[in-house]
Amino acid sequence: MESLQTVWDKIIDFLTRVGEIFTTNLFNLGDSKITLGTILYFLISFIILTFLAKRFRNLLVNKILVKANMEKGARNSIGLITRVMIMFIGSIFIIQSAGIDMSSLSLLAGALGVGIGFGLQNITDNFISGIIILFEKPIKVGDRIVVGDTEGDVINISVRATTILTNENVSIIVPNSEFISSRVINWSHNDRNIRFDIPVGVSYQEDPEEVRKVLMDVAEENEHALKHPSPHVFFDEFGDSSLNFTLAIWTSTHTDKPRRLKTELYFAIFEKFKEKGIEIPFPQRDVHIKSQPEA
(Lines give C-alpha, C1' and ligand atoms only; values in the text may rest on other atoms or scores of the structure.)
Protein backbone atom coordinates (compact mmCIF):
# COMPACT_ATOMS: atom_id res chain seq x y z
CA MET A 1 0.00 0.00 0.00
CA GLU A 2 1.18 3.48 -0.83
CA SER A 3 1.98 5.65 2.09
CA LEU A 4 -0.06 8.76 2.82
CA GLN A 5 2.91 10.95 1.87
CA THR A 6 3.15 9.30 -1.55
CA VAL A 7 -0.55 9.89 -2.24
CA TRP A 8 -0.25 13.48 -1.13
CA ASP A 9 2.78 13.99 -3.40
CA LYS A 10 0.82 12.64 -6.38
CA ILE A 11 -2.07 14.99 -5.64
CA ILE A 12 0.33 17.93 -5.43
CA ASP A 13 1.98 16.86 -8.68
CA PHE A 14 -1.41 16.56 -10.42
CA LEU A 15 -2.51 19.98 -9.24
CA THR A 16 0.83 21.43 -10.35
CA ARG A 17 0.38 19.99 -13.85
CA VAL A 18 -3.16 21.35 -14.03
CA GLY A 19 -1.89 24.72 -12.88
CA GLU A 20 0.78 24.66 -15.57
CA ILE A 21 -1.90 24.00 -18.21
CA PHE A 22 -3.87 27.07 -17.15
CA THR A 23 -0.79 29.29 -16.71
CA THR A 24 1.14 28.32 -19.84
CA ASN A 25 1.42 31.26 -22.20
CA LEU A 26 -0.54 30.66 -25.43
CA PHE A 27 0.30 33.92 -27.18
CA ASN A 28 1.33 37.47 -26.40
CA LEU A 29 -0.85 40.53 -26.77
CA GLY A 30 1.68 43.34 -26.57
CA ASP A 31 3.27 43.10 -23.12
CA SER A 32 0.42 40.91 -21.80
CA LYS A 33 0.42 37.13 -21.79
CA ILE A 34 -2.72 35.20 -22.70
CA THR A 35 -3.16 31.82 -21.01
CA LEU A 36 -5.92 29.24 -20.87
CA GLY A 37 -6.70 30.54 -17.39
CA THR A 38 -7.06 34.06 -18.79
CA ILE A 39 -9.51 32.85 -21.44
CA LEU A 40 -11.51 30.89 -18.85
CA TYR A 41 -11.54 33.95 -16.59
CA PHE A 42 -12.86 36.08 -19.47
CA LEU A 43 -15.58 33.54 -20.30
CA ILE A 44 -16.88 33.18 -16.75
CA SER A 45 -16.59 36.90 -16.01
CA PHE A 46 -18.53 37.98 -19.12
CA ILE A 47 -21.28 35.40 -18.46
CA ILE A 48 -21.66 36.75 -14.93
CA LEU A 49 -21.50 40.37 -16.18
CA THR A 50 -24.19 39.74 -18.80
CA PHE A 51 -26.44 38.06 -16.22
CA LEU A 52 -26.02 40.87 -13.66
CA ALA A 53 -26.54 43.61 -16.28
CA LYS A 54 -29.78 41.98 -17.44
CA ARG A 55 -31.05 41.50 -13.88
CA PHE A 56 -30.24 45.10 -12.94
CA ARG A 57 -31.93 46.37 -16.10
CA ASN A 58 -35.11 44.38 -15.28
CA LEU A 59 -35.04 45.62 -11.67
CA LEU A 60 -34.61 49.23 -12.81
CA VAL A 61 -37.35 49.09 -15.46
CA ASN A 62 -39.95 46.95 -13.68
CA LYS A 63 -39.46 47.97 -10.04
CA ILE A 64 -37.68 51.30 -9.56
CA LEU A 65 -38.82 53.41 -12.54
CA VAL A 66 -42.41 52.13 -12.30
CA LYS A 67 -42.74 53.88 -8.96
CA ALA A 68 -41.72 57.14 -10.63
CA ASN A 69 -44.81 56.92 -12.91
CA MET A 70 -42.56 57.03 -15.97
CA GLU A 71 -44.02 55.90 -19.29
CA LYS A 72 -43.07 52.47 -20.60
CA GLY A 73 -41.06 53.73 -23.57
CA ALA A 74 -38.90 56.00 -21.42
CA ARG A 75 -38.35 53.20 -18.89
CA ASN A 76 -37.18 50.82 -21.59
CA SER A 77 -34.86 53.45 -23.07
CA ILE A 78 -33.23 54.18 -19.72
CA GLY A 79 -32.98 50.46 -18.96
CA LEU A 80 -31.28 49.70 -22.27
CA ILE A 81 -28.78 52.55 -21.95
CA THR A 82 -28.02 51.49 -18.36
CA ARG A 83 -27.40 47.91 -19.45
CA VAL A 84 -25.03 49.02 -22.24
CA MET A 85 -23.11 51.23 -19.79
CA ILE A 86 -22.80 48.38 -17.26
CA MET A 87 -21.51 46.06 -19.97
CA PHE A 88 -19.01 48.68 -21.19
CA ILE A 89 -17.62 49.60 -17.76
CA GLY A 90 -17.65 45.96 -16.61
CA SER A 91 -15.74 44.88 -19.72
CA ILE A 92 -13.00 47.43 -19.05
CA PHE A 93 -12.75 46.28 -15.42
CA ILE A 94 -12.53 42.59 -16.46
CA ILE A 95 -9.81 43.30 -19.03
CA GLN A 96 -7.73 45.31 -16.58
CA SER A 97 -8.21 42.83 -13.73
CA ALA A 98 -6.91 40.07 -16.01
CA GLY A 99 -3.62 41.94 -16.23
CA ILE A 100 -3.98 42.98 -19.84
CA ASP A 101 -2.58 46.39 -20.72
CA MET A 102 -5.30 48.43 -22.46
CA SER A 103 -2.69 50.07 -24.67
CA SER A 104 -1.87 46.63 -26.09
CA LEU A 105 -5.38 46.54 -27.56
CA SER A 106 -4.64 49.44 -29.93
CA LEU A 107 -3.68 47.03 -32.73
CA LEU A 108 -6.88 45.04 -32.20
CA ALA A 109 -8.91 48.25 -32.14
CA GLY A 110 -7.34 49.34 -35.41
CA ALA A 111 -8.16 46.01 -37.05
CA LEU A 112 -11.69 46.21 -35.68
CA GLY A 113 -12.02 49.71 -37.12
CA VAL A 114 -11.06 48.42 -40.57
CA GLY A 115 -13.56 45.60 -40.19
CA ILE A 116 -16.30 48.02 -39.25
CA GLY A 117 -15.43 50.22 -42.19
CA PHE A 118 -15.73 47.38 -44.71
CA GLY A 119 -17.91 44.62 -43.31
CA LEU A 120 -19.96 46.08 -40.46
CA GLN A 121 -21.30 49.28 -41.96
CA ASN A 122 -24.96 48.28 -41.65
CA ILE A 123 -24.53 47.07 -38.06
CA THR A 124 -22.77 50.28 -37.08
CA ASP A 125 -25.42 52.36 -38.86
CA ASN A 126 -28.23 50.53 -37.05
CA PHE A 127 -26.44 50.81 -33.70
CA ILE A 128 -25.94 54.58 -34.01
CA SER A 129 -29.52 54.97 -35.26
CA GLY A 130 -30.74 53.03 -32.22
CA ILE A 131 -28.89 55.39 -29.87
CA ILE A 132 -30.43 58.39 -31.69
CA ILE A 133 -33.92 56.87 -31.37
CA LEU A 134 -33.45 56.20 -27.65
CA PHE A 135 -32.37 59.78 -26.96
CA GLU A 136 -34.52 61.80 -29.40
CA LYS A 137 -37.56 59.47 -29.05
CA PRO A 138 -39.17 59.98 -32.48
CA ILE A 139 -40.82 56.65 -31.68
CA LYS A 140 -41.32 54.81 -28.39
CA VAL A 141 -42.78 51.54 -27.17
CA GLY A 142 -46.56 51.59 -27.59
CA ASP A 143 -46.62 54.03 -30.53
CA ARG A 144 -48.67 53.29 -33.63
CA ILE A 145 -46.39 53.89 -36.61
CA VAL A 146 -46.12 53.45 -40.36
CA VAL A 147 -42.66 52.99 -41.88
CA GLY A 148 -42.47 51.99 -45.54
CA ASP A 149 -45.13 49.35 -46.13
CA THR A 150 -45.21 48.30 -42.46
CA GLU A 151 -47.88 49.50 -40.03
CA GLY A 152 -48.24 48.39 -36.42
CA ASP A 153 -47.47 48.98 -32.75
CA VAL A 154 -43.91 49.32 -31.46
CA ILE A 155 -43.36 46.58 -28.86
CA ASN A 156 -39.59 46.70 -28.45
CA ILE A 157 -36.67 49.01 -29.29
CA SER A 158 -33.11 47.67 -29.13
CA VAL A 159 -29.84 49.20 -30.24
CA ARG A 160 -29.93 47.25 -33.53
CA ALA A 161 -33.57 46.89 -34.54
CA THR A 162 -37.15 47.73 -33.57
CA THR A 163 -39.95 45.16 -33.35
CA ILE A 164 -43.36 46.12 -34.74
CA LEU A 165 -46.51 44.06 -34.11
CA THR A 166 -49.08 44.30 -36.91
CA ASN A 167 -52.84 43.87 -36.66
CA GLU A 168 -52.36 40.35 -38.05
CA ASN A 169 -50.26 39.55 -34.92
CA VAL A 170 -47.09 39.34 -37.02
CA SER A 171 -43.86 40.65 -35.51
CA ILE A 172 -41.73 42.54 -38.02
CA ILE A 173 -38.10 43.34 -37.18
CA VAL A 174 -37.17 46.70 -38.73
CA PRO A 175 -33.52 47.92 -38.71
CA ASN A 176 -33.17 51.16 -36.78
CA SER A 177 -31.60 52.95 -39.73
CA GLU A 178 -35.00 52.80 -41.48
CA PHE A 179 -36.43 55.20 -38.89
CA ILE A 180 -33.64 57.72 -39.44
CA SER A 181 -33.36 57.65 -43.23
CA SER A 182 -37.01 57.04 -44.17
CA ARG A 183 -40.28 58.87 -43.66
CA VAL A 184 -42.06 57.61 -40.53
CA ILE A 185 -45.71 58.28 -39.65
CA ASN A 186 -46.27 58.21 -35.88
CA TRP A 187 -49.99 58.15 -35.11
CA SER A 188 -49.47 58.58 -31.37
CA HIS A 189 -46.35 60.72 -31.07
CA ASN A 190 -48.07 63.39 -28.97
CA ASP A 191 -51.03 61.39 -27.61
CA ARG A 192 -53.47 58.65 -28.62
CA ASN A 193 -56.13 61.05 -29.93
CA ILE A 194 -56.40 60.62 -33.71
CA ARG A 195 -58.84 62.21 -36.17
CA PHE A 196 -60.41 60.11 -38.90
CA ASP A 197 -62.08 61.61 -41.97
CA ILE A 198 -65.03 59.71 -43.43
CA PRO A 199 -65.95 60.92 -46.95
CA VAL A 200 -69.65 60.69 -47.88
CA GLY A 201 -71.50 61.68 -51.07
CA VAL A 202 -75.27 62.29 -51.46
CA SER A 203 -77.59 63.18 -54.26
CA TYR A 204 -78.07 66.79 -55.38
CA GLN A 205 -81.74 66.42 -54.39
CA GLU A 206 -80.90 66.10 -50.67
CA ASP A 207 -80.91 68.90 -48.09
CA PRO A 208 -77.31 69.55 -46.90
CA GLU A 209 -78.55 70.51 -43.41
CA GLU A 210 -80.39 67.21 -43.09
CA VAL A 211 -77.28 65.35 -44.20
CA ARG A 212 -75.16 67.23 -41.65
CA LYS A 213 -77.63 66.37 -38.88
CA VAL A 214 -77.65 62.66 -39.78
CA LEU A 215 -73.85 62.46 -39.87
CA MET A 216 -73.58 64.22 -36.50
CA ASP A 217 -76.09 61.76 -35.02
CA VAL A 218 -73.99 58.85 -36.27
CA ALA A 219 -70.85 60.31 -34.69
CA GLU A 220 -72.57 61.04 -31.35
CA GLU A 221 -74.05 57.54 -31.16
CA ASN A 222 -70.72 55.81 -31.73
CA GLU A 223 -69.12 54.96 -28.38
CA HIS A 224 -65.60 55.23 -29.76
CA ALA A 225 -65.97 58.80 -31.04
CA LEU A 226 -64.71 61.39 -28.56
CA LYS A 227 -66.97 64.21 -27.43
CA HIS A 228 -63.93 66.47 -26.92
CA PRO A 229 -62.64 67.30 -29.47
CA SER A 230 -66.13 67.19 -30.90
CA PRO A 231 -66.97 65.64 -34.30
CA HIS A 232 -67.56 67.94 -37.25
CA VAL A 233 -69.11 67.75 -40.71
CA PHE A 234 -67.41 69.51 -43.64
CA PHE A 235 -69.21 70.35 -46.89
CA ASP A 236 -66.32 69.73 -49.26
CA GLU A 237 -67.56 70.38 -52.79
CA PHE A 238 -70.19 70.14 -55.47
CA GLY A 239 -69.01 66.98 -57.19
CA ASP A 240 -69.76 65.74 -60.68
CA SER A 241 -72.52 63.44 -59.45
CA SER A 242 -72.92 64.22 -55.75
CA LEU A 243 -72.68 66.67 -52.90
CA ASN A 244 -69.51 65.64 -51.07
CA PHE A 245 -69.20 65.80 -47.28
CA THR A 246 -66.59 64.66 -44.77
CA LEU A 247 -67.42 63.43 -41.26
CA ALA A 248 -64.42 64.15 -39.02
CA ILE A 249 -64.29 62.34 -35.68
CA TRP A 250 -61.67 61.94 -32.98
CA THR A 251 -60.89 58.66 -31.21
CA SER A 252 -58.34 57.38 -28.71
CA THR A 253 -59.35 53.72 -28.70
CA HIS A 254 -59.10 52.75 -32.38
CA THR A 255 -55.71 54.22 -33.27
CA ASP A 256 -54.50 50.70 -34.02
CA LYS A 257 -57.81 49.60 -35.61
CA PRO A 258 -58.78 52.37 -38.07
CA ARG A 259 -60.54 50.08 -40.56
CA ARG A 260 -62.79 48.66 -37.85
CA LEU A 261 -63.95 52.11 -36.76
CA LYS A 262 -64.52 53.25 -40.35
CA THR A 263 -66.54 50.11 -41.00
CA GLU A 264 -68.75 50.77 -37.98
CA LEU A 265 -69.36 54.34 -39.12
CA TYR A 266 -70.13 53.40 -42.71
CA PHE A 267 -72.63 50.76 -41.60
CA ALA A 268 -74.32 53.28 -39.31
CA ILE A 269 -74.37 55.98 -42.04
CA PHE A 270 -75.90 53.58 -44.55
CA GLU A 271 -78.65 52.57 -42.11
CA LYS A 272 -79.38 56.22 -41.21
CA PHE A 273 -79.52 57.29 -44.85
CA LYS A 274 -81.84 54.38 -45.62
CA GLU A 275 -84.07 55.30 -42.69
CA LYS A 276 -84.22 58.98 -43.70
CA GLY A 277 -84.57 58.23 -47.41
CA ILE A 278 -81.31 60.00 -48.30
CA GLU A 279 -80.00 58.84 -51.66
CA ILE A 280 -76.39 57.87 -52.20
CA PRO A 281 -75.76 58.49 -55.93
CA PHE A 282 -73.55 56.62 -58.35
CA PRO A 283 -71.46 58.30 -61.07
CA GLN A 284 -73.60 59.50 -63.92
CA ARG A 285 -72.81 60.87 -67.34
CA ASP A 286 -75.20 62.55 -69.77
CA VAL A 287 -74.52 61.65 -73.38
CA HIS A 288 -75.90 63.98 -76.07
CA ILE A 289 -75.93 62.64 -79.64
CA LYS A 290 -76.11 65.23 -82.35
CA SER A 291 -77.02 64.09 -85.81
CA GLN A 292 -75.48 65.80 -88.79
CA PRO A 293 -77.97 67.18 -91.40
CA GLU A 294 -78.02 65.25 -94.61
CA ALA A 295 -76.30 66.96 -97.49
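As shown above, the structure is provided for reference.
Keep in mind it's a predicted model, so treat the numbers as computed, not measured.

Novice: Looking at this model, I keep getting lost on the overall build of the protein. Mind explaining?
Specialist: Looking only at helices and strands, one finds 8 helices and 10 strands in the protein. Looking at the protein alone, contacts between residues at least 24 apart form 60% of all its contacts between residues at least 6 apart. Carbon and sulfur atoms provide 60% of the accessible area of the protein, an area that totals close to 19800 Å².

Novice: What am I meant to see in the sheet that holds strand S4 (residues 150-157) here?
Specialist: The pairing of strands in a sheet comes from backbone hydrogen bonds and takes either a parallel or an antiparallel form. With antiparallel pairing, the 5 strands of this open sheet are ordered in space as S6-S5-S4-S3-S7. For this open sheet the edge positions go to strand S6 (171-175) and strand S7 (184-186), each flanked by a neighbour on one side alone. When strand polarity is set aside, the average angle formed by the axes of neighbouring strands in this sheet is 40°. Here 3 bridges tie strand S3 (residues 144-147) to S7, and the two strands are oriented antiparallel to one another. Considered in S7, the bridge of Ile145 is made with Asn186.

Novice: I tried to follow the environment of His254 on my own but got confused; where do I start?
Specialist: Looking at where His254 falls in the secondary structure, it is placed in the loop between strand S10 (243-251) and helix H8 (258-276). Here His254 falls in the buried class, since its relative accessible area comes to 5%. In contact with His254, not counting residues within four places along its chain, are Phe196, His224, Arg260, Leu261 and Glu264.

Novice: Just to check I follow, could you spell out the nonpolar core for this structure?
Specialist: Ranked by internal contacts, the top residues of the largest apolar core, which has 22 residues, are Val202, Leu215, Leu247, Ile249, Ile269 and Phe273. For this core, the secondary structure elements donating two or more residues are strand S8 (194-202), helix H7 (208-221), S10 and H8. No other element matches the 6 residues that H7 contributes to this core. Beyond its immediate sequence surroundings of up to four residues, Phe273 is in contact with Val200, Val202, Val211, Val214, Leu215, Ile278 and Ile280. In terms of nonpolar packing, the next biggest core, distinct from the first, is built from 13 residues, Ile133, Val141, Ile145 and Phe179 among them.

Novice: I would appreciate a short explanation of the packing of aromatic side chains in the present structure.
Specialist: A ring pair, where both rings are aromatic, is described by two values, the distance of the centres and the angle of the planes. A complete count under the given rule lists 6 aromatic pairs for this structure. Ring geometry for Phe42 and Phe46: centres 6.2 Å apart, planes at 35°, overall tilted. Of this pair, Phe42 and Phe46 both sit in helix H2 (residues 36-64), 4 residues apart, roughly one helical turn. Taking relative accessible area as the criterion, Phe42 reaches 18% and is therefore assigned buried. According to the relative accessible area criterion, Phe46 is partly exposed, its value standing at 28%. Consider the rings of Trp187 and Phe196, whose centres lie 6.1 Å apart with planes at 35°: the pair is tilted. Judged by its relative accessible area of 26%, Trp187 is partly exposed. Among the aromatic residues, those joined into a ring-pair cluster are Tyr204, Phe235, Phe238 and Phe245.

Novice: Hey, could you run me through the sheet that holds strand S9 (residues 232-238) in this one?
Specialist: Ordered by their spatial adjacency, 3 strands build an open sheet running S8-S10-S9, and the pairing between neighbours is antiparallel. Strands at the two margins of the open sheet, each flanked by one partner only, are S8 and S9. Between one strand axis and the next, the sheet turns through 25° on average, direction left out of account. Looking at chain direction, S8 and S10 are connected through 9 bridges and run antiparallel. Note that in S10 the partner of Val200 across the bridge is Phe245. Helix-sheet contacts for H7 involve S8, S9 and S10, and the interaxial angle to S10 is about 25°. Contacts between H8 and the sheet are confined to S8 and S10, with S8 contributing the most and set at about 35° to the helix.

Novice: For this particular structure, what's the right way to read the pairing of S10?
Specialist: Consecutive side chains along a regular strand alternate between the two faces of the sheet. Within S10, 8 of the 9 residues are buried, which leaves it mostly tucked inside the rest of the structure. As paired strands, S9 and S10 are joined by 6 bridges and run antiparallel to one another. Paired with Glu237 across the strands is Asn244, a residue of S10. Hairpin connection of S9 to S10: 4 residues between the antiparallel strands.

Definitions and cut-offs
- Residues numbered from 1 in each chain as written.
- Predicted model: local features only at pLDDT ≥ 70, side-chain atom pairs only at ≥ 80, totals over all residues.
- Heavy atoms only, no water.
- Helix = DSSP H or I, 4+ residues; strand = E, 2+ residues; numbered from the N terminus.
- Contact = heavy atoms within 4.5 Å.
- Areas by Shrake-Rupley, 256 points an atom, 1.4 Å probe, with all protein chains shown as cover.
- Pairing = 2+ DSSP bridges.
- Axes fitted to C-alpha atoms, helices over the stretch in contact; angles between N-to-C directions.
- Buried < 20%, exposed > 50% of the residue type's maximum accessible area, 1.4 Å probe, protein only.
- Core = buried A, V, L, I, M, F, W, Y, C linked by side-chain atoms within 4.5 Å.
- Phe/Tyr/Trp six-rings, centres within 6.5 Å; stacked < 30°, edge-to-face > 60°.

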